[in-house]
Amino acid sequence: MTAEAAGPSAAVNGVDMRPGPSALICCLFLSLLQLQQTHSAPLTCYSRALGLSEEIMALLEKIHNDRRTKTCAADLPKIFLDVHNQCITSKLRDFLYVLLNHPSQSCRNKPRLVILKRKVQNLHTIITRICFRDLVFMSDDCEAIDTGLISPHYAEDRLQILQEES
């Protein structure tokens, strides 16, 4: 079958202009991608802060366990990020100060620590500037960020019951 037999819109100056199989696959892929993007929720300040804090914690674990960065990690303070804790802003600022002023120049230039610095700066900016009024803090337990142990906060009526049982 020639281009003229397929119809006048299929041929221009004798050249077959019908899309090939690769063009159809590409169009199908792009339409599926568009469909997926329309059904996914956009990132909110909360979800971005939560995701970034999880990324930082995972990266910190790698830094503490990797033989190349273990000595650098020894100088870093312990931090357990919780975006629901109001103390996160001051603790991130202090942690970032230690990262930027690490005693070892070679540690400051290690790729994982450079990435960690960038992620901590981004999270601090998101929490203090971009999403300042959007985030709701549920606690102000600064010790929990240092130790990872969350102390229970009892309501007054629960505290009264505990005192009566004692």
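Bear in mind that the values here come from a model prediction, so they are computed numbers and not experimental data. Sequence order as written defines the numbering, with residues in each chain counted from 1. Only residues with pLDDT of 70 or above have their local features reported here, since the model is predicted, and side-chain atom pairs are shown and tallied only from 80 upward, although totals for entire chains, interfaces and linings are computed over all residues. Excluded from the side-chain calculation are hydrogens and water; included are all heavy atoms of the structure.

**As for helix α5 (residues 88-100)**
As a reminder, the rule being used: Helical segments are the DSSP runs of H or I of at least four residues, strand segments are the runs of E of at least two, and each set is numbered from the N terminus. How far a helix is expected to stretch is found by multiplying one less than its residue total by 1.5 Å. Throughout, exposure labels follow a simple rule: accessible area from a 1.4 Å probe, protein chains only, divided by the maximum for the residue type, with under 20% read as buried, over 50% as exposed, and the rest as partly exposed. Note that the arc is computed from the directions linking the helix axis to the C-beta atoms.
End to end, α5 covers 18 Å across 13 residues, agreeing with the expected 18 Å (1.5 Å per residue, within 8%). All of the buried residues in α5 are Ile88, Lys91, Leu92, Phe95, Leu96 and Leu99. With its buried residues spanning 135° around the axis, α5 presents them on a single face.

**Overview of the environment of Met57**
Rules: Pairs of residues are marked as contacts when any of their non-hydrogen atoms sit within 4.5 Å.
Of note, Met57 is situated in helix α3 (residues 45-65). Judged by relative accessible area, which is 25%, Met57 ranks as partly exposed. Once the C-alpha coordinates of Met57 and Leu81 are considered, the two residues, 24 residues apart in sequence, prove to be 7.2 Å apart. Met57 has contacts with Ile79, Phe80 and Leu81, leaving out every residue within four places of it along the chain.

**What about the nonpolar core?**
Nonpolar side chains tend to gather and get buried jointly when the protein is soluble and globular. The cut-off we apply is this: Nonpolar cores are built from buried Ala, Val, Leu, Ile, Met, Phe, Trp, Tyr and Cys residues. Side-chain atoms within 4.5 Å join them into one set.
With 28 residues, the main nonpolar core has Ile56, Phe95, Leu116, Val120 and Leu123 as its most contacted residues. If you list the elements that add at least two residues to this core, you get α3, α4 (70-73), α5 and α7 (111-130). For Val120, the contacting residues outside a window of four places in its chain are Ile56, Leu92, Phe95, Leu96 and Leu99.

**A closer look at the packing of α3 against α7**
The following threshold applies: Lines fitted to C-alpha atoms define the axes here, with helix axes fitted over just the stretch in contact, and angles between the N-to-C directions of these axes take values from 0 to 180 degrees. Any angle that falls under 35 degrees is termed roughly parallel, while one over 145 is termed roughly antiparallel, one within 65 to 115 roughly perpendicular, and all others oblique. Crossings are classed by handedness, with left-handed meaning an anticlockwise turn of the near helix from the far one by less than a right angle and right-handed meaning a clockwise turn. Only Asp, Glu, Lys and Arg are considered charged, only Ala, Val, Leu, Ile, Met, Phe, Trp, Tyr, Cys and Pro nonpolar, and every remaining residue, Gly among them, polar.
Running from N to C, α3 and α7 cross one another at 155°; their axes reach a closest spacing of 10 Å. Looking at the two axes, α3 sits roughly antiparallel to α7. Judged by the twist between their axes, the crossing of α3 over α7 is left-handed. Mapping the contact onto sequence places Cys45, Arg48, Ala49, Leu52, Ser53, Glu55, Ile56, Leu59, Leu60, Lys62 and Ile63 in α3 and Arg112, Leu113, Ile115, Leu116, Lys119, Val120, Asn122, Leu123, Ile126, Ile127 and Ile130 in α7. In terms of residue class, the contact of α3 with α7 is made up of 15 nonpolar, two polar and five charged.

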